[in-house]
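# Residue-level structure breakdown
Spelled out, the chains give:
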Amino acid sequence: MTARQEQFSLAFVRMIAAAAGCSIKWHETDYDGVDITIASSAEYVKYYCPEFELQLKCTTQQDRLRDAHFSWRMERDPFLKLTHGKRYNEAFLGVLVIPRDEEPLVSLSEQRLLTASRMYWQHARLLGDISDEATSKTVHLPRTNLFDVESLQSIMQRVGEGGEW
């Protein structure tokens, strides 16, 4: 199940990235707390070919969904890597919420490919801090931060223009 979720989350991001005109760079290892880099070939005000890093998670835990946010618990070490203040590239957390095991991941017809899955995201700098004694931290990803073509293009534009988070 874990491998299936990992593969599905990568495929989900790949579809959104392709539709947004972006590409994916794969990481051989997860040493730095990220899974993939999303890159654009566009030129923006400040940068040509901007990119950002994304840590992906996938879950069937619908009960983590609240009115305004999706709650996700991160272990200390991955949290510290993702939120490290000296990161060269911008970093984000994305959590894909997929249907439970008894529900299909996708529905396919001649007209369309549908999924009841959705991904919430947050910039790593906005995830907060973790106390010295904590072994994990619950972070909140706003429900307004739905990872879709429009939001990916907006993130890329903000990165490309050297925007602050």
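Residues numbered from 1 in each chain as written. Predicted model: local features only at pLDDT ≥ 70, side-chain atom pairs only at ≥ 80, totals over all residues. Heavy atoms only, no water.

## Section: helix α1 (residues 2–19)
Rule in force here: Strands here mean DSSP runs of E at least two residues long; helices mean DSSP runs of H or I at least four residues long; both are numbered from the N terminus. Each residue after the first adds 1.5 Å to the expected span of a helix. Buried means the residue's accessible area, taken with a 1.4 Å probe over protein chains only, is under 20% of the maximum for its type, while exposed means over 50%, and partly exposed covers the values in between. In this analysis, two residues are considered to be in contact whenever any of their non-hydrogen atoms come within 4.5 Å of each other.
Helix length check: α1, at 18 residues, gives a terminal C-alpha distance of 26 Å against a target of 26 Å (1.5 Å per residue), a fit within 8%. Those residues of α1 not exposed but buried are Gln 5, Phe 8, Ser 9, Leu 10, Phe 12, Val 13, Ile 16 and Ala 17. If you follow the buried residues of α1, they end up packed against β1 (22–26), β2 (36–40), β3 (51–59), β5 (90–97), β8 (118–123) and α3 (149–160). Positive phi shows up at Gly 21, right after α1, with a value of about 80 degrees.

## Thoughts on the nonpolar core
If you look at soluble globular proteins, the nonpolar side chains tend to sit buried side by side. As a reminder, the rule being used: Throughout, nonpolar core names a set of buried Ala, Val, Leu, Ile, Met, Phe, Trp, Tyr and Cys residues whose side chains join them through atoms within 4.5 Å.
With 26 residues, the main nonpolar core has Val 13, Ile 36, Ile 38, Phe 52, Phe 147 and Leu 152 as its most contacted residues. When residues in this core are grouped by element, the largest group, six residues, is from α1. In this structure, Phe 52 is in contact with Ile 36, Thr 37, Ile 38, Glu 90, Phe 92, Leu 152, Ile 155, Met 156 and Val 159, ignoring residues within four places of it in sequence.

## Notes on the side chain of Ser 117
To be explicit about the condition: Any pair of nitrogen or oxygen atoms within 3.5 Å is treated as a polar contact; in protein, a donor-acceptor pairing is required on top of that, and neighbouring residues in sequence qualify only through side-chain atoms on both sides.
You can see Ser 117 is positioned in the loop between β7 (113–114) and β8. Within the structure, Ser 117 has its side chain in polar contact with the side chain of Thr 115 (distance 2.8 Å). Apart from the residues lying within four places of it in its own chain, the contact partners of Ser 117 are Phe 8, Phe 12, Leu 96, Val 97, Ile 98, Pro 99 and Leu 105.

## Focus on the UniProt feature "domain: DUF4365" (unreviewed entry) in the protein chain
Inclusion rule: UniProt positions are given in the numbering used here, feature names are shortened, and annotations may be inferred rather than shown by experiment.
Residues annotated in UniProt with the feature "domain: DUF4365" (unreviewed entry) correspond here to residues 6–158. End-to-end, the C-alpha atoms of residues 6–158 are 27 Å apart, and along that stretch the chain is 20% helix and 33% strand.

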